[in-house]
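Single-letter residue listing:
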Amino acid sequence: GQQVMQIPQYQHVQEGEDFTTYCNSSTTLSNIQWYKQRPGGHPVFLIQLVKSGEVKKQKRLTFQFGEAKKNSSLHITATQTTDVGTYFCAGRSSGTYKYIFGTGTRLKVLA
Amino acid sequence: DAGVTQSPTHLIKTRGQHVTLRCSPISGHKSVSWYQQVLGQGPQFIFQYYEKEERGRGNFPDRFSARQFPNYSSELNVNALLLGDSALYLCASSAYDTNYGYTFGSGTRLTVV
């Protein structure tokens, strides 16, 4: 079945440093979504990517969808303590309705 | 506007018992999905309903069932509970069935003892 892996599993950064998490799917995706989950909270939708090679920005966050639509990345510039949490990608294959969540990357930001 | 509401927030059940979890989507949202999240892992897809029809089912045993009502609220039922069913159960709603982001509820924390 479809699998979605993320690396790294954990990342500790100093406040102000950059952070990147990578998402890789075993199958070609129709679209991919990114979510953030704070400790003790629930996933919160960040963005959706649909087109091959698509790049979207939200303030300090940059999201990319690979040309082959099998991988994606999230890059945070100049991390802040408010960026702490686990970042999940969730991919959907064509012909299905279900989103498969990745394994997540837990980000800790040291002040 | 109210977000996605789930009830109860916490629940303790004994092995072998049955449980019903409830979800009210955001007003106007016709799609409801259920996910199971074990501590330290990503959410695992259980079911998706759109306009009261089941659109997707994850790799969960038949002990798990769900339905969506005419007002788009939803119930997740789990029979013959096992210790391994202990998890956070998340409900998510979306305006449509596919290319829209999901809004998650705060979840129901189920503990099976």
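Structural notes, computed from the coordinates. (Residues numbered from 1 in each chain as written. Chains lettered and ligands numbered in written order. Predicted model: local features only at pLDDT ≥ 70, side-chain atom pairs only at ≥ 80, totals over all residues. Heavy atoms only, no water.)

**Examining the overall build of chain B**
Alright, step 1. In terms of regular secondary structure, chain B is built from 0 helices and 11 strands.
Alright, step 2. Here the C-alpha coordinates of chain B stretch approximately 35 × 25 × 25 Å along the principal axes.
Alright, step 3. Counting every position in chain B, which comprises 113 residues, the buried fraction comes to 51%.
Alright, step 4. Pairs at least 24 apart in sequence give 52% of the contacts found in chain B among residues at least 6 apart.
Alright, step 5. Averaging the locations of the 10 positively and 8 negatively charged side chains of chain B gives two centres separated by 7 Å. (Helix = DSSP H or I, 4+ residues; strand = E, 2+ residues; numbered from the N terminus. Buried < 20%, exposed > 50% of the residue type's maximum accessible area, 1.4 Å probe, protein only. Contact = heavy atoms within 4.5 Å. Lys, Arg positive; Asp, Glu negative; His and termini not counted. Charge placed at Lys NZ, Arg CZ, Asp CG, Glu CD.)

**Some details on the sheet that holds strand S3 (residues 19–24) of chain B**
Residues and elements named next belong to chain B.
Alright, step 1. The 4 strands are arranged S1-S3-S8-S7 in an open sheet whose pairing can be described as antiparallel. At either margin of the open sheet sits one strand with a lone partner, and together these are strand S1 (5–7) and strand S7 (64–68). Across the sheet, the mean angle separating the axes of adjacent strands is 15° when strand polarity is ignored.
Alright, step 2. Bridge analysis of S1 against S3 gives 3 bridges, and the strand direction is antiparallel. Across the sheet, residue Ser7 finds its bridge partner in S3, namely Arg22. (Pairing = 2+ DSSP bridges. Axes fitted to C-alpha atoms, helices over the stretch in contact; angles between N-to-C directions.)

**Quick word on the interface of chain A and chain B**
Alright, step 1. Taken residue by residue, the interface counts 17 residues in chain A and 20 residues in chain B.
Alright, step 2. Interface area, chain A with chain B, both sides summed: about 1600 Å², of which 56% is carbon and sulfur.
Alright, step 3. Seen at the junction of chain A and chain B, the total is 0 salt bridges.
Alright, step 4. Connecting chain A to chain B are 5 residue pairs in polar contact (both at pLDDT 80 or more).
Alright, step 5. Those elements giving two or more residues to the side of chain A that touches chain B turn out to be strand S4 (31–37), strand S5 (44–49) and strand S9 (85–92) of chain A.
Alright, step 6. Top contributing element to the side of chain A that touches chain B by residue count: S4 of chain A, with 4 residues.
Alright, step 7. Looking at the side of chain A that touches chain B residue by residue, the class counts come to 7 nonpolar, 7 polar and 3 charged. (Buried area = accessible area lost by both parts, 1.4 Å probe. Salt bridge = Lys/Arg side-chain N within 4 Å of Asp/Glu carboxyl O. Polar contact = N/O pair within 3.5 Å; in protein donor to acceptor, adjacent residues only side chain to side chain. Nonpolar A, V, L, I, M, F, W, Y, C, P; charged D, E, K, R; others polar.)

**Let's talk about the pattern of salt bridges**
Residue and element names in this part refer to chain B.
Alright, step 1. Here the structure, examined in full by the defined rule, presents 8 salt bridges over all chains.
Alright, step 2. A salt bridge links Lys30 to Glu51; the nearest nitrogen and oxygen atoms lie 3.4 Å apart. Separated by 21 residues along the polypeptide, Lys30 in the loop between S3 and strand S4 (31–37) and Glu51 in the loop between strand S5 (44–50) and strand S6 (53–57) bring together distant segments of the chain.
Alright, step 3. Given the relative accessible area of 30%, Glu51 is considered partly exposed.
Alright, step 4. With a shortest N-O distance of 3.7 Å, Lys52 and Glu51 are connected by a salt bridge.

**Some points on the packing of aromatic side chains**
Alright, step 1. Summed over all chains, the structure comprises 13 aromatic pairs over all chains.
Alright, step 2. Ring geometry for Tyr35 of chain A versus Phe104 of chain B: centroids 5.6 Å apart, planes at 90°, classification edge-to-face. Here the residue Tyr35 of chain A occupies a position in strand S4, and Phe104 of chain B occupies one in strand S10 (residues 103–104), the pair thus bridging two chains.
Alright, step 3. By relative accessible area, which is 1% here, Tyr35 of chain A ends up buried.
Alright, step 4. Residue class for Phe104 of chain B comes out buried when judged on its relative accessible area of 4%.
Alright, step 5. Here Phe101 of chain A and Tyr35 of chain B contribute two aromatic rings whose centre-to-centre distance is 5.2 Å and whose plane-to-plane angle is 75°, an arrangement assigned as edge-to-face. With Phe101 of chain A in strand S10 (residues 100–101) and Tyr35 of chain B in strand S4, this residue pair bridges two chains. Across the pair, Tyr35 of chain B and Phe101 of chain A agree in class, each one buried.
Alright, step 6. Site record: aromatic cluster; members linked through ring pairs are Tyr35, Phe45, Phe88 and Phe101 of chain A together with Tyr35, Phe45 and Phe104 of chain B. (Phe/Tyr/Trp six-rings, centres within 6.5 Å; stacked < 30°, edge-to-face > 60°.)

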